[in-house]
Amino acid sequence: MDTSVNVLCIGAGYVGGPTMAVIADRCRHARVTVVDVNEARIAAWNSDALPIFEPGLDDVVRRARGRNLFFSTDIEAGIRDADIIFVSVNALTKTFEEGAGRAADLQYWEKTARQILAHSTRGKIVVEKSTLPVRTAEAMERILNSGERGLRFEVVSNPEFLAEGTAIKDLERPDRVLVGSHETPAGANARRAVTDLYATWVPRDRIIESNLWSAELSKLTANAFLAQRISSINSISALCEVTEADVDEVAYAIGTDSRIGPRFLKASVGFGGSCFRKDILNLVYISESYGLDEVARYWESVVRMNDWQEARFVRRMLASMFNTVAGKRIALFGFAFKADTGDTRESPALAVTRQLLDEHAHVVITDPQALANARIDTARLEGAIEYEPDPYAAAKGAHAIAVLTEWEVYRTLDYARLLAAMERPAFVFDGRNILDHRRLFEMGFSVYAVGKRPLKHV
Ligand code: NAD
Ligand code: UGA
């Protein structure tokens, strides 16, 4: 087919795959290729069993794949042919020496920049799609424009704001698309090429243009603000539990103030996901490196509060179950970091599992989509652990159920049937506040929900 722009995306993960699938679906004039070093992942993208679970993704891929969407491991050919290269590789947190545990590990980024330079025969637009520390583009540009052949590369920042579980909707109808570039004629041209791509389906007034550093910093800031709201309401949930206030009522009362707004005020066992923690720690590290220690401490507290909330959830389980869970079967309902995804990265369920195993509990994990990842994440943990796709089988003989992911299916289970198969007294710990607590209590469960007075029989 006739295509006028060659788009390449390096990195076929949770962002690269869905983002490029939607671009290809919406931009018939673009030939979109997604490459990755991971052969198994690319093979899965080319099969009927896509490597990630995301509602609506199958349909989009089916429409575009083989037409103007291609998945490949041939990174060099991809680079050679591309006009615009999105880089969507993972920049994990550094695990060694300077900045360990906080700074972004940029070694893969640097390698990617060198690879682009080595295999390009003409200048290109390189788009930062990954979330990166502010001013990463500076280093990228230095490497890209250091070649002896005089090729010119323009770096554009186009951070991704999709959330897992709603990725396709977020991509098809985004709140905004952000594109940052240098304020030079070449920068403006590159920015236009990227905004034109999105303008095929995103209204122009939803495409925000900015300078390069604002775009980079806006992404970290957006995630930090979202996580901060969750830590804020979680801090209040602790106060609710000792004062008999109800956190859902408090969240509703404050969320109806249009200046505050209702979203991201759902108290929980804690936030997870691959990015909130990583991006905030990144912000902390950058602030420290500029000597802004107060700023660093401020944002660090958001992560600290989250760690505390996860630990507090298990402490409450322990305290209510007569200070011991040793040898007790505990069914964990959900292991994904949120509903509608199989992703378990930084899931609070992992922290809860670890602590329960430390207390010698017998942990049974169930999840409709994330059981395979749960197995991988917990493979090295010592203790009694089982994986069970059927929640009824997971709860059989259990002393407690802990809801850790807000899967819709957990709202509609037959709790009378679950109760009948459990040990007594039977406990429910609702880490997502999705169940009908009063009804469960009347059925015979002792119910502990986040930020609420316990409803207990014992
Ligand atoms: P991911 O781990 O799912 O995917 C990254 C992919 O890059 C992997 O498949 C890996 O094999 C590949 N890769 C790594 N180095 C490579 C190289 N040198 N050449 C080719 N392929 C390489 O990660 P993700 O969740 O897609 O996140 C990617 C970036 O997007 C991160 O910076 C993340 O912060 C950001 N982000 C993620 C989300 C999300 O919901 N997951 C949302 C917005 C932004
Ligand atoms: C988040 C952001 O929402 C995206 O905009 C961003 O692009 C992405 O991070 C990223 O950069 O990776 P995601 O992690 O997929 O998206 O999911 P969220 O819906 O933000 O949920 C994150 C965590 O917070 C989940 O564990 C969720 O259960 C928890 N959460 C969310 C709460 O505990 N309470 C809430 O009110 C909302």
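Residues numbered from 1 in each chain as written. Chains lettered and ligands numbered in written order. Predicted model: local features only at pLDDT ≥ 70, side-chain atom pairs only at ≥ 80, totals over all residues. Heavy atoms only, no water.

We now examine the site of ligand 1. As a structural note, the neighbourhood of ligand 1 is formed by 24 residues, with V15, D36, R41, E164 and K278 the closest of them. V15 is positioned with one of its backbone polar atoms (N or O) 2.9 Å from an oxygen atom of ligand 1. V37 is positioned with one of its backbone polar atoms (N or O) 3.4 Å from a nitrogen atom of ligand 1. When ligand 1 sits alone it has 830 Å² of accessible area, and the protein chains cover 91% of it. Partitioning the shell around ligand 1 into residue classes produces eight nonpolar, nine polar and seven charged. (Near = heavy atom within 4 Å. Polar contact = N/O pair within 3.5 Å; in protein donor to acceptor, adjacent residues only side chain to side chain. Areas by Shrake-Rupley, 256 points an atom, 1.4 Å probe, with all protein chains shown as cover. Nonpolar A, V, L, I, M, F, W, Y, C, P; charged D, E, K, R; others polar.)

Okay, the state of the cysteines next. Scanning all chains against the criterion turns up zero disulfides. Cysteine C9 shares no disulfide, and the gap to the nearest cysteine sulfur, in C27, comes to 14 Å. (Disulfide = S-S within 2.5 Å.)

What you see with strand β13 (residues 427-430) is no split at all: F427 and F429 on one side and V428 and D430 on the other are buried throughout. The pairing of strand β12 (residues 400-403) with β13 spans four bridges and is classified as parallel. Considered in β13, the bridge of V403 is made with D430. Viewed along the sheet, the connection from β12 through helix α16 (residues 415-420) into β13 turns out right-handed. Note that β13 and strand β14 (residues 446-449) share four bridges and pair parallel. Paired with D430 across the two strands is A449, which belongs to β14. With respect to chirality, the unit in which β13 leads through helix α17 (residues 437-443) into the neighbouring parallel β14 is right-handed. (Buried < 20%, exposed > 50% of the residue type's maximum accessible area, 1.4 Å probe, protein only. Helix = DSSP H or I, 4+ residues; strand = E, 2+ residues; numbered from the N terminus. Pairing = 2+ DSSP bridges. Right-handed = clockwise from strand over helix to strand, strands pointing away.)

Attention shifts here to a nonpolar patch on the surface. Nonpolar side chains collect at one region of the surface, where I236, L239 and V242 lie side by side and expose about 280 Å² of accessible area between them. One can find I236 in helix α9 (residues 212-243). (Patch = residues over 30% accessible without salt bridge, like charges linked within 9 Å, V, L, I, M, F, W, Y side chains within 5 Å. Salt bridge = Lys/Arg side-chain N within 4 Å of Asp/Glu carboxyl O.)

Under the definition given, this model contains eleven aromatic pairs. A ring pair is formed by F427 and F429, whose centres lie 5.9 Å apart and whose planes are at 10°; its orientation type is stacked. An identical accessibility class is assigned to F427 and F429; each is buried. In this structure, R135 packs its charged tip against the face of W213, placed 4.1 Å from the ring centre. One cation-aromatic arrangement involves R176 over F161; the distance from NZ or CZ to the ring centre is 3.6 Å. (Phe/Tyr/Trp six-rings, centres within 6.5 Å; stacked < 30°, edge-to-face > 60°. Lys NZ or Arg CZ within 6 Å of the ring centre and 35° of its normal.)

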